Amino acid sequence: VQLQASGGGLVQAGGSLRLSCAASARALRVYNVGWFRQAPGEERNFVAAVTSTWSGSRPSYADSMKGRLAVFRDVTENTVFLQMNSLKPEDTAVYYCAAALSDRLCTTVVDCDYWGHGTLVTVSS
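Let me begin by describing the structure that accompanies this report.

Thresholds applied
Residues numbered from 1 in each chain as written. Predicted model: local features only at pLDDT ≥ 70, side-chain atom pairs only at ≥ 80, totals over all residues. Heavy atoms only, no water. Phe/Tyr/Trp six-rings, centres within 6.5 Å; stacked < 30°, edge-to-face > 60°. Helix = DSSP H or I, 4+ residues; strand = E, 2+ residues; numbered from the N terminus. Buried < 20%, exposed > 50% of the residue type's maximum accessible area, 1.4 Å probe, protein only. Lys NZ or Arg CZ within 6 Å of the ring centre and 35° of its normal.

**Describing the packing of aromatic side chains**
Tallied over the full model, the rule gives 5 aromatic pairs. Both rings, one in tyrosine 31 and one in tyrosine 114, keep their centres 5.8 Å apart while their planes meet at 90 degrees; by these two values the pair is edge-to-face. Of this pair, tyrosine 31 sits in the loop between β3 (17–23) and β4 (32–38) while tyrosine 114 sits in strand β10 (residues 114–115); the two residues are 83 residues apart in sequence, bridging distant segments of the chain. With a relative accessible area of 2%, tyrosine 31 lands in the buried category. For tyrosine 114, a relative accessible area of 28% puts it in the partly exposed group. Measuring from centroid to centroid gives 5.9 Å for phenylalanine 36 and phenylalanine 46, while their planes differ by 70 degrees, and the two rings are edge-to-face. Note that phenylalanine 36 is positioned in strand β4 and phenylalanine 46 in strand β5 (residues 44–50), a separation of 10 residues in sequence. One aromatic cluster is present, built from ring pairs that chain together Phe36, Phe46, Tyr96 and Trp115. Taking the ring centre of tryptophan 115 as reference, the NZ or CZ of arginine 44 above it sits at 5.0 Å.

Set out below in structure tokens:
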């Protein structure tokens with residue numbers, strides 16, 4: 001499956017952004033989908049994930065951002081959104097969506113099978 005993340009941009013501290021992860025071909029509903037971010041010079045880190053529709057679309061979040069995020073699927077179940085609120089300058093990074101099948105939750109880099117190109121989020125102070 002090919003993934004495409006979009007929705008990044010420049011936002012002031014305290015603002016919000018909604019990122020989208022869309023899939024080509026096979027429906028995204030069968031995949032566990034994860035969001036990760038990578039700041040310059042840093043590792044790619046987990047942000048949020050949602051299980052497949054068949055597994056109940058259960059969300060999970062990184063502790064560092066919990067309370068400021070919501071991850072959910074659209075009604076067609078072929079797009080996954082990441083709503084980010086109360087953004088901080090330290091949230092500046094390239095954000096990636098990824099997907100995995102079966103029992104891998106895609107909450108770590110090694111557990112994801114497919115990756116999209118990232119979308120840059122810049123939060124100004």
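Let us keep going from here.
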